[in-house]
Amino acid sequence: MEHDLDEREPADAVEGVPRGVFVRAASAAEASRRTSADVPTPSRGPGPAPDAPSPAPPGRTSFPRLIGLTIFGLVAIAAVTLLLAASMIGPPVGIAPAEGLFLGVWNVLYATEAPTPRVALAAVALAVLLAAAVAALELRISNRSRRSTDTRTDPLAPKIVMAATADTFAGPVTVTVLVPAHNEEVSLPGTLASLVGQSHRPERIVVVADNCTDRTVEVARSAGVEVVETVGNTRKKAGALNQVLRDLLPHQGDNDAVMVMDADTRLDDGFLETAVRRLTADRALMAIGGLFYGEEGAGLLGQFQRNEYSRYSRDIRRRRGRVFVLTGTASLFRPAALRAVAGARGSSLPGVHGDVYDTAALTEDNELTIALKSLGALMISPSECTVVTEMMPTWRALWNQRLRWQRGALENLGAYGLTPKTFRYWAQQLGIGYGVVALASYFLLLAVTALAVDSWIWFPFWMGLGVLFSVERVVTAWDGGWRARLVAAALIPELVYATFLDVVYVKGVLDILLGRQAGWGHVVRTPVEQTTPDAGTPVEVGL
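Reference entry: report on the structure contained in this document. (Residues numbered from 1 in each chain as written. Predicted model: local features only at pLDDT ≥ 70, side-chain atom pairs only at ≥ 80, totals over all residues. Heavy atoms only, no water.)

**Topic: the sheet that holds strand β14 (residues 386-389)**
Hydrogen bonds along the backbone pair up the strands of a sheet, which may run parallel or antiparallel.
Working step 1: Strand order in the open sheet formed by 3 strands is β9-β14-β11, with mixed pairing between adjacent strands. Edge positions in the sheet fall to β9 (265-267) and β11 (291-294), since each of these pairs with one other strand and no more. The mean angle between the axes of side-by-side strands here comes to 30°, regardless of whether they run parallel or antiparallel.
Working step 2: Here β11 pairs with β14 via 4 bridges, running parallel. Within β14, the residue paired with L291 across the bridge is T386. (Pairing = 2+ DSSP bridges. Helix = DSSP H or I, 4+ residues; strand = E, 2+ residues; numbered from the N terminus. Axes fitted to C-alpha atoms, helices over the stretch in contact; angles between N-to-C directions.)

Next up, the structure:
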């Protein structure tokens, strides 16, 4: 959808953010609709008070506590089965180490010991079969969902949506952006600037100020955007968004997309233009998620995170945009999708009836993704929709963030159980669990070897596998630039980072099992005198 530049309001630079968030003159019908859709002061409305616990779906009251053990139990069975299979396929190999001169100057001990060809081929074949099976099952489940005509189980399935909207025109796609913000006075100007600087500017920007004690509200108002302050919210980001969405959604038309964007994120130009084009071209598309990469800074720890995000985006591109998670950094939704989720809460979906977000979920974006998939929604993450998000500046901040992410993902699986729509998420968690066991075993074997021999022995076969692994690390992080490639090629630093994440995973499993209260880490930036809109020194609060 193109805009006439002459119809945009004049822009003044106020604290790094141009004024004027309404970018084109509306028709009489659109103006009438937007007037009625003005977001009032949030009210709690009918239903439970904010502190009321979300009811668990029938039959799922005890399983969430055991979800971590279930994952680890399945992983342990798989590992033991693989070990037994390898021991049965071929006899143990025992070759005495030999002495050799490396490069003519270095006298080393080496052993040519390696798995038998049968064992190696069996391991490769098993890995390929498992990957192919997961991919085939996911594709079958996805295709079945897209073709479903069951309005009871898949009300958002493409066939049903297309039939319901046939021969109707809901007007051009508009975008209302909700920016939940808790003490984000430093990062907010950069976020708003990236919104109003889009080639397709949003029709509305609403900053949802949640229990702010800094100048977040003043910064937002000085930028000329709408501000809504939450009322009595104790449910973090999910509770704040629920308050606003409860008043906003009833007034939204089928093409009035709602975007939720973190206040510490900046959109790359072209994000909204691509998203609007996709929504215009496909009436069945219910949501669009962004691909995120990390901002510069935070030293080696920041580079670890940037490499991780770069690999994630690469995976999504290889999947042709098929969504893992509608990231909280920036995602767009059709109002019909959000209304369907709110209506299904408390019955077919976890949570309180009428809430879009399940306030009991630690990872509200992951939970909402599973909720939409459970209702048959079609979602994508186009490669053009990219955002820059903040990096955790310290190991402690990273620990809190990832513990919340990992525990939230496990708890979401516990809430939904094993269904065709959650199959892929179960496979992911099984893969993570197996990686924990494999990496721990690798380090254990290294330690045993070091303690068992008087002189270090080199194993060419396993060193060759290490080189292949290093090459894979470099290739998958290639888009991140020379620093990303250098860190990936070093291999050992990223193994240390992976071990850190594995410890976080185990801690999350133990916390769920023991019923420990989950914490919520929040990193804010203190203002300093710099010219960039997102400048500041990161500090940790509420950890």
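More follows now that the structure is in view.
**Some thoughts on the nonpolar core**
Working step 1: Formed by 48 residues in total, the largest nonpolar core has its most connected members in L178, L245, F333, Y357 and L372.
Working step 2: If you tally residues by element for this core, the top one is helix α7 (residues 236-248), at 6 residues.
Working step 3: Leaving out residues up to four positions away in the same chain, L245 has contacts with L178, P250, V258, L338, V356 and Y357.
Working step 4: Residues A223, L272, A284 and L332 belong to the second largest nonpolar core, which totals 44 residues. (Core = buried A, V, L, I, M, F, W, Y, C linked by side-chain atoms within 4.5 Å. Buried < 20%, exposed > 50% of the residue type's maximum accessible area, 1.4 Å probe, protein only. Contact = heavy atoms within 4.5 Å.)

**What about the pairing of strand β10 (residues 285-289)?**
Working step 1: Among the 5 residues of β10, 5 are classified as buried, and the element is accordingly described as predominantly covered.
Working step 2: Both β10 and strand β13 (residues 378-380) contribute to a ladder of 3 bridges, which runs parallel. Across the sheet, the residue bridging to L285 is L378, located in β13.
Working step 3: Bridge count for β10 against strand β12 (residues 330-333) is 3 bridges, and the pairing is antiparallel. In the sheet register, A287 faces β12, and the bridge partner there is F333.

**With respect to the sheet that holds β12**
Working step 1: Read across the sheet, 7 strands follow the order β7-β6-β5-β8-β12-β10-β13 without closing on themselves; strand pairing throughout is mixed. Two strands in the sheet have a free side with no partner beyond their single neighbour: β7 (226-229) and β13. Geometrically, the sheet is characterised by an average inter-axis angle of 20° between neighbouring strands, direction not taken into account.
Working step 2: Pairing of strand β5 (residues 174-181) with strand β8 (residues 256-261) involves 5 bridges; the strand directions are parallel. Across the sheet, V177 pairs through a bridge with M259, a residue of β8.
Working step 3: Where α7 meets the sheet, it contacts β5, β6 (204-209), β7 and β8, and its direction lies at approximately 145° from that of β5.

**A short note on the pattern of salt bridges**
Working step 1: Throughout the structure, instances matching the rule amount to 18 salt bridges.
Working step 2: The residue K237 makes a salt bridge to D262 at a minimum N-O spacing of 2.6 Å. Here D262 lies in the loop between β8 and β9 and K237 lies in helix α7, a separation of 25 residues in the sequence. Across the pair, exposure class does not vary: K237 and D262 are buried alike. (Salt bridge = Lys/Arg side-chain N within 4 Å of Asp/Glu carboxyl O.)

**A closer look at the side chain of R407**
Working step 1: Within the element layout of this structure, R407 appears in helix α12 (residues 395-416).
Working step 2: Within the structure, R407 has its side chain in polar contact with the backbone oxygen of R516 (distance 2.6 Å). (Polar contact = N/O pair within 3.5 Å; in protein donor to acceptor, adjacent residues only side chain to side chain.)

**Topic: the packing of aromatic side chains**
Working step 1: If you walk through the whole model with that rule in mind, you get 10 aromatic pairs.
Working step 2: Consider the rings of F304 and W395, whose centres lie 6.5 Å apart with planes at 55°: the pair is tilted. In this pair, F304 is assigned in helix α9 (residues 299-318) and W395 in helix α12, connecting sequence segments 91 residues apart.
Working step 3: For W395, a relative accessible area of 39% puts it in the partly exposed group.
Working step 4: Here the aromatic cluster, defined as three or more aromatic residues joined through ring pairs, consists of F304, W395, W399, Y497 and F500.
Working step 5: Directly above the aromatic system of W478 lies the positively charged group of R485, at a separation of 3.9 Å from the ring centroid. (Phe/Tyr/Trp six-rings, centres within 6.5 Å; stacked < 30°, edge-to-face > 60°. Lys NZ or Arg CZ within 6 Å of the ring centre and 35° of its normal.)

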